[in-house]
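Tertiary structure, described
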Amino acid sequence: MTTKANELPTTETPLLTKSRVRILLLIALALLLVWLGVKGWRIGRAVQSLLAQQAAAESLMAEGITGIDPAQAEEMVQTIRQNVVTLRQETAVFMPLTPFLGWLPEVGPLAVAAPQLMEMADAGTETAVVAYEGLKPALALLQEETSSGSPLPQLVNVLAEARPNLALAQQSFQRVVVARNQISNEAQFPERIQTAFQLFDEWLPLAQDGLVFVQVLPNILGHSEQRSYLLLAQNEDELRATGGFISGIGLLTVDNGDILSLDFQDASTFDRESLAVNSTAYDYPPQPLYELMGLDYHMLRDANYWPDFPISAQKAIELYQIGRPDAKIDGVIAIDQQFIALLVEATGPIPVAGSDTVITGANAVQSFRDAFNIKEGQTNAEWFQNRKAFLSTFSAAIRQKIETEPASLDMVTLARNMFAALNSRHLQLYLADPEVTAVLNQLDWDGRLENPTNQDFLLVLDSNMGFNKTNLHMDRATKYEIDLAAPEPQAHLTITYRHAGPENEAPCFQTVFYDSAPTYAEVADQCYFNFLRVYAPPESELEWSTQHIIPGEMTVTGVPWERSGQAINEFADFTTFTNFLMVPRSQTLQTELAYTLPQTAVQPQDNHQRYQLWLRKQAGMEPEAVTITITLPEGAVVLDTQSPEAPVVDGRLVTFTFNLVEDSLIALDFAP
């Protein structure tokens, strides 16, 4: 009895245990469902709020910067930030699993990239909140109607005070950049997301560099002390090393954003006046200017002989101070006609006082060309003295627009266009301020000619030495062939010049006579006399080049040119090949160079080889057709490439074809 009685509990205990386990599992499942439901509700509410904010943002931006309510904008930014924080918190538990969910239909690629997408959203909204907190007063200033003068000084103060916030925003945005670079499957995203990514990638460099540059903008605008800048108006229709012939010069003086003075004058007139007063202060020009153009003095209009902008800028300051010895110069700003077009596109139409001319982004370049022509009632002497006066008239008009109507500027277009101008060197800056110089160097906006070690380098540099505006008609295409199968890397460069001007049987002559007040079209309709320089890595050795012949009756000095290219030592970090050539009207001419590259152009990696080419764009050049063909060693296999456009691989030949808009890196990894 005792035994049976004692055995009863042992037969019932497993049943009770299983029942309890089922109950516990049901409770756990219920709690899990509740937890998931709460999370889903929180996530859904955050997502719905974000979608609602998208419509609110579009509505807020519909009327431009003047229509934005600062308080409403701040609330929107904060709301978006809080929703993203909520999403990150609620989805954190799932993030370790999402990279394994690529098999899911439609959303699989997004799931794989979910951790990086969430990081981009988190860091991006943090950037927006911090930056807006610092820049909010600027929005109010731009909307404020005032008759008490320019709001620019107050805007500079806002930027100066916002530097701590902007520095934090820069750090946050770097997280965005890192996360974006970790996403490699965006081509698999839904089409709508791909479109958003394309737009984001377009603006990412501007935002990244802009957050760095805006921190030193108060320094440039004279926040701490008054600053004076020498302005160089370069005409790319007469191409020179830093962009174009210096046709006009000016002096811009700013004090905490307030433009104290801005004036322009003809650079040639300045040189004549300075030379008449103090000719002994001028040196001989660089040898090609003396030998090929017959110049006896190195004057300000030819200061930009060197493609290294800081060197040319310092020379311009030196030559300006011969005529203005008391001038204190804190830097140099060089612009060209394309810069004017980009600027006016953002400012809106600029009426020019005293005329019916209204300059727009579309007609800016042509307006400057037309202003060169003689006016009705002018004598030839009056025309010669005043043919560049339009630059002063225009600068006064645009100054008034910026100072009195800053809210009318399209800030998005202004930021985008100035970024493009700096990257393509339609705008170039040199400043003595070491902090600003460091930032410009970091962003590669200082125009410094630098050759990264252990790679190839190519800069094709034209200098129009025909005293004309023929580059208006010139097209240039570059073909660069590199043979990596040879014992030493071999380079073969072919440059094709096409004169697209109208047919004209007039004989070629190197200079233009201004006594008859020629039109701009007549000054442009000339043969192209070009001093060519090609910059290659140090220790490159010229093997052969095209010989060009220019009869003495065509040259301004009367001395014929009958030479092939030659190597010179212009900069320590480069080998420079030079030549002189002439392209007749409506004709095409090719010039070629063959040279060996140093062995360091190809670098060994862990288990492969790497060839890199830094291709530098000449300032002032329109986008140029470039073809680069690399011949690999026998049996080599391409592992990876980097370039503006994807290459074509045909056996051992790898060909890159694109338009050179700004400096570009070409990289090729291959296994032997």
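In what follows, the structure referred to is the one given above.
This text gives an overview of the structure that appears in the document. (Residues numbered from 1 in each chain as written. Predicted model: local features only at pLDDT ≥ 70, side-chain atom pairs only at ≥ 80, totals over all residues. Heavy atoms only, no water.)

Some thoughts on the pairing of strand E16 (residues 575-583)
- In terms of burial, E16 is a largely internal element, nine of the nine residues being buried.
- In E16, alternate side chains face the same way, and those of Thr575, Phe577, Asn579, Leu581 and Val583 on one face and Thr576, Thr578, Phe580 and Met582 on the other are all buried.
- For strand E11 (residues 528-536) and E16, the ladder comprises nine bridges, and the chain directions are antiparallel. Its bridge partner being in E16, tyrosine 535 is matched across the sheet by threonine 576.
- One ladder, built from three bridges, connects strand E15 (residues 566-568) with E16; its direction is antiparallel. For isoleucine 568, the partnering residue across the bridge sits in E16 and is threonine 576.
- The antiparallel hairpin formed by E15 and E16 contains six residues in its connecting segment. (Buried < 20%, exposed > 50% of the residue type's maximum accessible area, 1.4 Å probe, protein only. Helix = DSSP H or I, 4+ residues; strand = E, 2+ residues; numbered from the N terminus. Pairing = 2+ DSSP bridges.)

What about the nonpolar core?
- In this structure, Ile359 and Phe394 are the most contacted members of the largest nonpolar core, which totals 47 residues.
- With seven residues, helix H12 (residues 337-347) is the single largest residue contributor to this core.
- With residues near it in sequence (within four places) discarded, phenylalanine 394 still touches Ile340, Val344, Ile350, Ile359 and Phe368.
- Counting 38 residues, the second-largest nonpolar core is a separate cluster that includes Ala491, Leu593, Tyr611 and Leu668. (Core = buried A, V, L, I, M, F, W, Y, C linked by side-chain atoms within 4.5 Å. Contact = heavy atoms within 4.5 Å.)

With respect to the state of the cysteines
- Following the criterion strictly, the structure yields one disulfide and no others.
- Here cysteine 508 pairs with cysteine 527 through a disulfide, and the sulfurs are 1.9 Å apart. Across the disulfide from cysteine 508 to cysteine 527, rotation about the S-S bond amounts to roughly -65°, and the bridge is consequently left-handed. In this pair, cysteine 508 sits in the loop between strand E10 (490-499) and helix H18 (520-524) while cysteine 527 sits in the loop between H18 and E11, placing the two residues 19 residues apart along the sequence. Each member of the pair, cysteine 508 as well as cysteine 527, carries the same accessibility label: buried. (Disulfide = S-S within 2.5 Å.)

Here we look at the environment of proline 538
- You can see proline 538 is positioned in the loop between E11 and strand E12 (541-545).
- Looking at proline 538, the relative accessible area reads 30%, which means it is partly exposed.
- As a C-alpha pair, proline 538 and threonine 576 span 38 residues in sequence and 8.6 Å in three-dimensional space.
- Among residues more than four places away in sequence, those in contact with proline 538 are Asn451, Ala572, Asp573, Phe574, Thr575 and Pro598.

As for the pattern of salt bridges
- Evaluated as defined, the whole model comprises 34 salt bridges.
- Close ionic contact of aspartate 663 with arginine 425 constitutes a salt bridge, the shortest N to O distance being 2.6 Å. With a gap of 238 residues between them, aspartate 663 in the loop between strand E23 (653-660) and strand E24 (664-671) and arginine 425 in the loop between helix H16 (411-423) and strand E7 (427-431) connect regions that are remote in the sequence.
- The closest approach of N and O atoms between aspartate 446 and arginine 448, which form a salt bridge, is 3.0 Å.
- The exposure class of aspartate 446 is buried, given its relative accessible area of 3%.
- Given a relative accessible area of 28%, arginine 448 falls into the partly exposed group.
- Where salt bridges share partners, they join Arg81, Arg88, Glu119, Asp122, Glu126 and Arg175 into one cluster. (Salt bridge = Lys/Arg side-chain N within 4 Å of Asp/Glu carboxyl O.)

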